[in-house]
Amino acid sequence: MSVDNSTANTSIADRLAAVEARIAAACDRAGRARQEVTLLAVSKTHPADAVAEAARLGLTEFAESKVQEARAKIPMCPSRCRWHLIGHLQSNKARDAVALFETIQSVDSLSLARELQKQAEKQSRRPKVLLEINVAGESSKFGWAPDRVLAELMEVNALDRLEIHGLMTIAPYVTDSERVRVYFRKLRELRDAAADRLGAPLPVLSMGMSGDLDVAIEEGSTMVRVGTALFGDRPRLQRAPDESGAD
Ligand SMILES: *Cc1c(COP(=O)(O)O)cnc(C)c1O
């Protein structure tokens, strides 16, 4: 499974075709339908032009890591784009995050969830949220420990402005993506346990990125977050310090 993203003059259309082929092949291997997997385009560090081009090619779901970057970029993008926040969110930016994003995938603590509830109430919004899980227990990453999320799930669920749609994880960065299969499987099992506890389905499993989306889909991902394989390499200097999995 090669990830060809090094050629600067490859077009987004060509890269999208290659990503689509990988998604289709993984769905095939897993006996899943292509429609079960949403391709989320991660546009961080890339300009609004690139978003517009991807939207023109039919993509509708886009993601940013930083509130500040999103605040400048989103107004310049086609209005039909739907936006997801995937980077760590500090409570003092919860107000802007609620105003800008339809889905907040990086809800990583009960205190952040409470702040989002407060802001959502003020703004009369109902953001969709995913709970970010640190499945591998890496100290460098944000996210709930699996046992902690089960313990606090009902308290998050009681926050009536937040619609919990599922779970998100960033797998450890490894060169052989087979080695992260176990973490994707763990997230799926945790999702099943959490849905059981809630007595309601948690349909979204946001897992898999440019390097490991194939294995993630085989393990049940319903949303792959793809940046580099779609838009090309990110300029290194602009990388977010909290962007896990990249270095
Ligand atoms: C940057 C980022 C991605 C996309 O990573 P690529 O390897 O460029 O596809 C996905 N998820 C999160 C949380 C990210 O920060």
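Just above, that's the structure.
The structure displayed is predicted, hence computed values, not measured ones.

**Q** Break down the overall build of the protein chain for me, with residues and values.
**A** Looking only at helices and strands, the protein chain has 9 helices and 8 strands in total. Taking 247 residues into account, the globule formula puts the C-alpha radius of gyration at 18 Å, and the protein chain, at 17 Å, falls close to it. Overall size of the protein chain, expressed as C-alpha extent along the three principal axes, is 50 × 40 × 35 Å. A total of 247 residues make up the protein chain; the buried ones form 53% of that total. Look at the contacts in the protein chain between residues 6 or more apart in sequence, and 61% of them connect residues 24 or more apart. Total accessible area on the protein chain is roughly 11,400 Å²; 48% of this is exposed by carbon and sulfur atoms. For the protein chain, the centre of its 34 positive side-chain charges and the centre of its 35 negative side-chain charges are spaced 3 Å apart.

**Q** Residue-level account of the site of the ligand, with values.
**A** Surrounding the ligand, one finds 13 residues, the nearest of these being K44, S210, R225, T228 and R234. S210 is positioned with one of its side-chain polar atoms (N or O) 2.5 Å from an oxygen atom of the ligand. In this structure, an oxygen atom belonging to the ligand sits 2.7 Å away from a side-chain N or O atom of R234. Contact with the protein chains removes 93% of the 380 Å² of surface that the ligand exposes when unbound. A class-by-class count of the residues in the shell around the ligand yields 5 nonpolar, 4 polar and 4 charged.

**Q** Break down the pattern of salt bridges for me, with residues and values.
**A** This model, assessed by the stated rule, comprises 20 salt bridges. Notably, a salt bridge pairs R82 with E61, separated by 2.7 Å at the nearest N-O pair. With R82 in strand β3 (residues 82-85) and E61 in strand β2 (residues 61-64), this pair connects stretches of sequence that are 21 residues apart. Using a relative accessible area of 10% as the deciding quantity, one classes E61 as buried. With a closest N to O distance of 3.0 Å, E152 and R148 form a salt bridge. Of this pair, E152 and R148 are both found in helix α6 (residues 146-157), 4 residues apart, which corresponds to roughly one turn of the helix. One continuous salt-bridge network, built from bridges that share partners, spans R29, E178, R181, R185, R188, E218 and E219.

**Q** Let's hear about the nonpolar core: which residues, and what values?
**A** Core analysis: the biggest nonpolar cluster contains 68 residues, and I23, F62, I104, L116, L131 and I133 have the highest contact counts within it. Residues contacting I133, with those up to four places away along its chain left out, are G143, W144, P146, V149, L167, M168, T169, L187 and L190. Core analysis: the second largest hydrophobic core is formed by 5 residues, L40, A63, I86 and M223 among them.

**Q** For the side chain of N134, give the residues involved together with the corresponding values.
**A** Looking at the element boundaries, N134 is found in the loop between β5 (128-132) and α6. Exposure remark for N134: the relative accessible area of 11% places this residue in the buried category. In this view, N134 contacts K141, F142, G143, W144 and P146; residues no more than four positions away in its chain are not counted.

**Q** Kindly report on the environment of C81, identifying the contributing residues and their values.
**A** Looking at the secondary structure, you find C81 in the loop between α3 (67-73) and β3. Each C-alpha atom of the pair C81 and V19 lies 19 Å from the other, and the pair is 62 residues apart in sequence. Setting aside its immediate chain neighbours within four residues, C81 contacts V51, A55, T60 and F62.

**Q** Give a detailed account of helix α7 (residues 181-198), specifying residues and quantitative values.
**A** With 18 residues, α7 should reach 26 Å at 1.5 Å per residue; the first-to-last C-alpha distance of 26 Å fits that figure. All of the buried residues in α7 are R181, F184, L187, L190, R191, A194, A195 and L198. Contact partners of the buried residues in α7: α6, β6 (163-168), β7 (204-206) and α8 (213-218). At the exit of α7 stands G199, carrying a positive phi of roughly 70°.

**Q** An account of the side chain of R32 is needed here, citing residue identities and associated values.
**A** Following the sequence through the fold, R32 ends up in the loop between α1 (12-30) and β1 (38-42). The class of R32 is buried, set by a relative accessible area of 15%. For R32, the side chain forms a polar contact with the main-chain oxygen of S221, separated by 2.8 Å. With residues up to four places along the chain from it excluded, the contact list for R32 reads C27, V37, I217, G220, S221 and T222.

Parameters and conventions
- Residues numbered from 1 in each chain as written.
- Predicted model: local features only at pLDDT ≥ 70, side-chain atom pairs only at ≥ 80, totals over all residues.
- Heavy atoms only, no water.
- Helix = DSSP H or I, 4+ residues; strand = E, 2+ residues; numbered from the N terminus.
- Rg over C-alpha atoms; globule rule 2.2 N^0.38 Å.
- Buried < 20%, exposed > 50% of the residue type's maximum accessible area, 1.4 Å probe, protein only.
- Contact = heavy atoms within 4.5 Å.
- Areas by Shrake-Rupley, 256 points an atom, 1.4 Å probe, with all protein chains shown as cover.
- Lys, Arg positive; Asp, Glu negative; His and termini not counted.
- Charge placed at Lys NZ, Arg CZ, Asp CG, Glu CD.
- Near = heavy atom within 4 Å.
- Polar contact = N/O pair within 3.5 Å; in protein donor to acceptor, adjacent residues only side chain to side chain.
- Nonpolar A, V, L, I, M, F, W, Y, C, P; charged D, E, K, R; others polar.
- Salt bridge = Lys/Arg side-chain N within 4 Å of Asp/Glu carboxyl O.
- Core = buried A, V, L, I, M, F, W, Y, C linked by side-chain atoms within 4.5 Å.
- Expected span 1.5 Å × (residues − 1).

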